[in-house]
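# Descriptive structure summary
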Protein chains: 2
Amino acid sequence: MPGLQVFPVPGLPEITPGADLAEMIVAAASAAGTPLASGDVVIITSKIVSKAEGRTVELADVDVSPFARQYAEKWEKDPAVIEIVLREARRVVRQVGPVLITETHHGFVCANSGVDQSSSGAHGRAVLLPEDPDASARGYRDAFRAAGLDIAVIVSDTFGRPWREAQTDIAIGIAGMNPVYSYIGQVDPHGHEFRVQVLCHADELAGAAELVKGNISRVPVAVIRGHQWEPDEDATMKLVLRESERDLFR
Amino acid sequence: MPGLQVFPVPGLPEITPGADLAEMIVAAASAAGTPLASGDVVIITSKIVSKAEGRTVELADVDVSPFARQYAEKWEKDPAVIEIVLREARRVVRQVGPVLITETHHGFVCANSGVDQSSSGAHGRAVLLPEDPDASARGYRDAFRAAGLDIAVIVSDTFGRPWREAQTDIAIGIAGMNPVYSYIGQVDPHGHEFRVQVLCHADELAGAAELVKGNISRVPVAVIRGHQWEPDEDATMKLVLRESERDLFR
């Protein structure tokens, strides 16, 4: 069969701080009868990366600022969660009614700074985005390499987007592969430069992975086999973050 | 192998007005050794849909308005193309320097109303988006059904997005399957409602298809096998178009 295979990595345990995710993923993929192979792209949901890295906050321990408190009370949100959302942001992009869109310290624009109170492994705990998702991805790539596997790694999260309802999974961290594919300078058979100049393969891979992960089935890792990725040891999703100055919608 | 397979449908001829795309796709998939099967999702690039439907305009025939002409001249664009872009729009969302973001008559927000001067099959011709991409998709689904195949159909295009560089393929038309998957009301094992409530599987499928199509290899059709789609004979991408009143970024 030509093309790609996209398959889940089931059977991972609940992830706790310090967990060796790469080792767990290698073992789970083998146990599932689909062992990882060099050339694969492994897409890991950011939530388990955050849990392994201890990027969680006990809500009871949070000192809530007056601004967070009044906003949370007005819209019946958890004041501690709002405080955490603000601390994870370098800028509020939109705050309209109960909707809070922020730009995180990484430069991602998303709802609630990507702070997640669901599936947090316990009541009263919030999960933050990884502090440096590219670095997290590089760590997993290095660990796979140490196991003899040349694998590209994407750390994914589920974001909304303007103009369209519903969310999709996108890449927030990457290692080993160029996140984009460029057609710049290439022309079609009629001599026109392609209108489509650069495609974000990293986001398309993350979205494809979501189709087999789901959020309800709680399979946080997927593998894509057969994608010809362009090696890039300096890969970073920062390449895909549009600077505010160039952004007409921020 | 569990999960999904994503594979291209190579070998389609140059598409001309009136072409029976569904019949061509069935034949090309069989010739490639990967015949279509019930349960598949077939993703068709909008450009060949437009060509088959004759949604092209000869630039020499376009009567250019003064507004289009002065803007085109200022930014060294083709005045006829700008005129077509404006005619395809119900609203200009952003016009900053050479960038023209419009809301099409369908309600899609994209650059240049989705008008494409590349790969148009000839010099001096522009390709418009299909007039009703959902109806186009329904037509192909009906034709596949007439051939004994129960297939969901997505018509895709390549759009940019705010906040992030590079483009991705998304769905602009759909038939047979619900474009979104909803977690609303479902709770995780700790009793929290899922932060992720609705995922746009249609866009994730379109993006996955792009990974095997490419734009340069000019394979305009891909098949995704193994996706458990929710049947919906009234499917429409309109469900995913956020109304201006609800949109914080328009």
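The rules behind each value
- Residues numbered from 1 in each chain as written.
- Chains lettered and ligands numbered in written order.
- Predicted model: local features only at pLDDT ≥ 70, side-chain atom pairs only at ≥ 80, totals over all residues.
- Heavy atoms only, no water.
- Pairing = 2+ DSSP bridges.
- Helix = DSSP H or I, 4+ residues; strand = E, 2+ residues; numbered from the N terminus.
- 1 Å grid on protein atoms, 1.4 Å probe; cavity = no way out; pocket = protein on both sides within 12 Å on 5 of 7 lines; lining within 4 Å.
- Points joined across faces, edges and corners; volume = space filled by probe spheres on them.
- Nonpolar A, V, L, I, M, F, W, Y, C, P; charged D, E, K, R; others polar.
- Domains from an automatic or database assignment.
- Contact = heavy atoms within 4.5 Å.
- Buried area = accessible area lost by both parts, 1.4 Å probe.
- Salt bridge = Lys/Arg side-chain N within 4 Å of Asp/Glu carboxyl O.
- Buried < 20%, exposed > 50% of the residue type's maximum accessible area, 1.4 Å probe, protein only.
- Axes fitted to C-alpha atoms, helices over the stretch in contact; angles between N-to-C directions.

Turning to the sheet that holds strand β8 (residues 152-159) of chain A, a few remarks are in order. If you walk across this open sheet you meet the twelve strands as β13(A)-β9(A)-β8(A)-β2(A)-β12(A)-β1(A)-β1(B)-β12(B)-β2(B)-β8(B)-β9(B)-β13(B), and the pairing is mixed. Each end of this open sheet is capped by a strand with a single partner; those strands are β13 (231-232) of chain A together with β13 (231-232) of chain B. Sheet topology places strand β1 (residues 4-8) of chain B next to strand β12 (residues 221-225) of chain B; four bridges connect them, and they run antiparallel. Within β12 of chain B, the position partnered with Phe7 of chain B by the bridge is Val223 of chain B.

On to empty space enclosed by the protein, then. Applying the stated criterion across every chain yields a total of two cavities of 30 Å³ or more. The computed volume of the largest cavity comes to approximately 500 Å³. If you go around the largest cavity, you meet 34 residues; those closest to its centre are Arg161, Thr168 and Ile170 of chain A together with Arg161 and Thr168 of chain B. Counting residues per element, the ones that place at least two in the lining of the largest cavity are β9 (168-177) and α6 (201-213) of chain A together with β9 (168-177) and α6 (201-213) of chain B. Here the residues of the lining of the largest cavity are counted per class, giving 16 nonpolar, eight polar and ten charged. Taken as a whole, the second largest cavity encloses approximately 40 Å³ of empty space. Lining of the second largest cavity is provided by ten residues; of these, Ser46, Lys47, Gly114, Asp116 and Asp157 of chain B occupy positions nearest its centre. A total of three residues in the lining of the second largest cavity trace back to one element, the largest contributor, which is helix α2 (residues 46-52) of chain B. Residue classes in the lining of the second largest cavity are distributed as three nonpolar, three polar and four charged.

Residues and elements named next belong to chain A. By the assigned domains, chain A splits into domain 1 (5-55 + 130-228) and domain 2 (57-125). Each of domain 1 and domain 2 has a C-alpha centre, and these two points are 26 Å apart. The partner domain 2 presents eleven residues to the nine residues of domain 1 that form the contact. Looking at the side of domain 1 facing domain 2, the largest losses of area belong to Lys47, Arg55 and Phe159, adding up to 53% of the total buried there. Summed over the shared surface of domain 1 and domain 2, the number is two salt bridges.

Across the five residues that make up strand β1 (residues 4-8) of chain A, a large majority, five, are buried. The side-chain alternation of β1 of chain A yields two buried faces, one formed by Leu4, Val6 and Pro8 of chain A and the other by Gln5 and Phe7 of chain A. Here three bridges tie β1 of chain A to β1 of chain B, and the two strands are oriented antiparallel to one another. By the bridge assignment for β1 of chain B, Leu4 of chain A is matched with Val6 of chain B.

All names here are of chain B. Spatially, β4-β5-β6 is the arrangement adopted by the three strands of the open sheet, whose pairing is antiparallel. The open sheet has two edge strands with one neighbour each: β4 (89-96) and β6 (109-111). Averaged over all pairs of adjacent strands, the angle between their axes in this sheet comes to 30 degrees, without regard to strand direction. Pairing analysis gives three bridges linking strand β5 (residues 99-104) to β6, with the strands arranged antiparallel.

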